[in-house]
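Survey of secondary and tertiary structure
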Amino acid sequence: MAHVVVLGAGLGGAIMAYELREKLRAEDKVTVVTKDPKYHFVPSNPWVAVGWRDREEITVDLAPTMARKGIDFIPVAVERVHPEENRVTLADGQSIS
């Protein structure tokens with residue numbers, strides 16, 4: 001079983017996690033680690049500023065979105081990457097291999 005950890009759930013990280021989930025085997029695991037539980041589509045911020053959109057319209061709650069795709073989700077900042085150990089340490093003390 002492979003375990004792939006994606007650091008960050010911005011536009012690139014989220015898309016990478018979705019594509020990995022599609023390409024990997026069913027028994028393989030994909031985990032997304034990011035500091036924020038919600039994603040804000042930054043290019044749309046001016047729309048909020050001028051009243052064309054509400055903040056809720058450009059925000060995605062990542063946990064249920066990732067769960068629907070079969071992706072584990074941890075909304076905690078990464079504190080340190082340990083490449084020699086294939087491991088990351090999170091700000092809350094968790095360690096993910």
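Residues numbered from 1 in each chain as written. Predicted model: local features only at pLDDT ≥ 70, side-chain atom pairs only at ≥ 80, totals over all residues. Heavy atoms only, no water.

What to know about the sheet that holds strand 8 (residues 95-96)
- Taken together, the three strands give an open sheet; going across it, the order is 6-7-8, and neighbouring strands pair in antiparallel fashion. Each of the sheet's edge strands pairs with one partner strand only, and the pair in question is strand 6 (78-82) and strand 8.
- For strand 6 and strand 7 (residues 87-90), the ladder comprises four bridges, and the chain directions are antiparallel. For Val81, the partnering residue across the bridge sits in strand 7 and is Val88. (Pairing = 2+ DSSP bridges. Helix = DSSP H or I, 4+ residues; strand = E, 2+ residues; numbered from the N terminus.)

A word on the packing of aromatic side chains
- Going through the model one piece at a time under the given rule, you end up with zero aromatic pairs.
- Looking at Lys69, its charged tip hangs above the ring of Tyr18, at a distance of 5.0 Å from the centre. (Phe/Tyr/Trp six-rings, centres within 6.5 Å; stacked < 30°, edge-to-face > 60°. Lys NZ or Arg CZ within 6 Å of the ring centre and 35° of its normal.)

Some words on unusual backbone geometry
- One non-glycine residue, Asn86, lies in positive phi territory at about 50°.
- Here Asn86 lies in the loop between strand 6 and strand 7.

Thoughts on the nonpolar core
- With twelve residues, the main nonpolar core is built from Val6, Ala9, Ala14, Ala17, Leu20, Val30, Val32, Tyr39, Leu62, Met66, Ile71 and Phe73.
- Of all the secondary structure elements, the ones that give two or more residues to this core are helix 1 (11-23), strand 2 (29-33) and helix 3 (62-68).
- Here this core gets three residues from one element, more than from any other, and that element is helix 1.
- Contacts of Val32, omitting those with residues within four sequence positions, involve Val6, Gly8, Ala9, Ala17, Met66, Ile71, Asp72, Phe73 and Ile74.
- Counting residues in hydrophobic clusters, the runner-up holds six residues, among them Val33, Val88, Leu90 and Ile96. (Core = buried A, V, L, I, M, F, W, Y, C linked by side-chain atoms within 4.5 Å. Buried < 20%, exposed > 50% of the residue type's maximum accessible area, 1.4 Å probe, protein only. Contact = heavy atoms within 4.5 Å.)

Digging into the sheet that holds strand 2
- Here we have three strands laid out as an open sheet, ordered 1-2-5, and parallel in their pairing. One side of each edge strand has no neighbouring strand; the edge strands of this open sheet are strand 1 (3-7) and strand 5 (72-74). Strand after strand, the sheet turns through a mean of 20° between neighbouring axes, direction not considered.
- Across three bridges, strand 2 lies against strand 5 in parallel orientation. Opposite Val32, over in strand 5, you have Phe73 as the bridge partner. (Axes fitted to C-alpha atoms, helices over the stretch in contact; angles between N-to-C directions.)

Digging into a nonpolar patch on the surface
- There is a patch of nonpolar side chains on the surface, built from Leu7, Val78 and Val81 and spanning about 220 Å² of accessible area.
- Note on placement: Val81 falls in strand 6.
- The exposure class assigned to Val81 is partly exposed, which follows from its relative accessible area of 44%. (Patch = residues over 30% accessible without salt bridge, like charges linked within 9 Å, V, L, I, M, F, W, Y side chains within 5 Å. Areas by Shrake-Rupley, 256 points an atom, 1.4 Å probe, with all protein chains shown as cover. Salt bridge = Lys/Arg side-chain N within 4 Å of Asp/Glu carboxyl O.)

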